[in-house]
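The chain contents come next:
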Amino acid sequence: MLKIRQTVTSDEQAIHQVHEAAFGGEAGYVIAGLTLELLHDPTAAPLLSLLAWDGADAVGHVIFTCVRIDGAACSPVAHILAPLAVLPGRQREGIGTQIVQSGLDMLKDMGSELVFVLGHPEYYPRFGFRPAGVLGLSAPYPILEKNADAWMVLALREGVIGNVRGTVRCAHSLDKEEYWVE
């Protein structure tokens, strides 16, 4: 039975292992390091970090960090989903879907109004994400036109999209151009 809960400091080794395994090789090491860096980055707060457990085994992790929208008259409460990881041997079992949906539900309860993601355009629309650039919500760094649909947004509160435009600004740890190549 899968259990999803907010992370605590003692989970950091498990979080690192899940991301390292999920992304593999050098990319896994870099993304695992980024994830731990985000957990300690004061500019990422308030954040939501969730770990999925199957018994004593950590099998998936997601982190949502706070963002602001430059250029908006009044920036809504917003977060970005990055990164999401599920152990390779446990993918396609619905773990990613469960952990993301749990996070979105919790963010809504916390008062978050928008959630952004740079990810696979075939995966994230199942949650209601849609292309953000065409809605006037730009990524921190330019996204190639061929990958424009990978930059997405989900409204957790009605009436926000269409009333806010600008460029998303992330936590310092995530604000590096190399993380924005899709």
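(A) A look at the pattern of salt bridges. Throughout the structure, instances matching the rule amount to seven salt bridges. As a salt-bridge pair, Asp-70 and Arg-68 come within 3.3 Å of each other at their nearest N and O atoms. Given the relative accessible area of 32%, Asp-70 is considered partly exposed. Here the salt bridges do not stand alone but share partners, grouping Asp-54, Arg-90 and Glu-93 into one network.

(B) Geometry of the packing of helix α1 (residues 12–23) against helix α2 (residues 25–39). Where α1 meets α2, the axes come as close as 7 Å, and the angle between the chain directions of the two elements is 145°. Along this stretch, α1 crosses α2, giving a crossing that reads as right-handed. Here Glu-12, Ile-15, His-16, His-19, Glu-20 and Phe-23 of α1 come into contact with α2, specifically with Gly-25, Ala-27, Gly-28, Tyr-29, Ile-31, Ala-32, Gly-33, Thr-35, Leu-36 and Leu-39.

What counts, and where the lines are drawn
- Residues numbered from 1 in each chain as written.
- Predicted model: local features only at pLDDT ≥ 70, side-chain atom pairs only at ≥ 80, totals over all residues.
- Heavy atoms only, no water.
- Salt bridge = Lys/Arg side-chain N within 4 Å of Asp/Glu carboxyl O.
- Buried < 20%, exposed > 50% of the residue type's maximum accessible area, 1.4 Å probe, protein only.
- Axes fitted to C-alpha atoms, helices over the stretch in contact; angles between N-to-C directions.
- Helix = DSSP H or I, 4+ residues; strand = E, 2+ residues; numbered from the N terminus.
- Left-handed = near helix turned anticlockwise from the far one by under 90°.
- Contact = heavy atoms within 4.5 Å.

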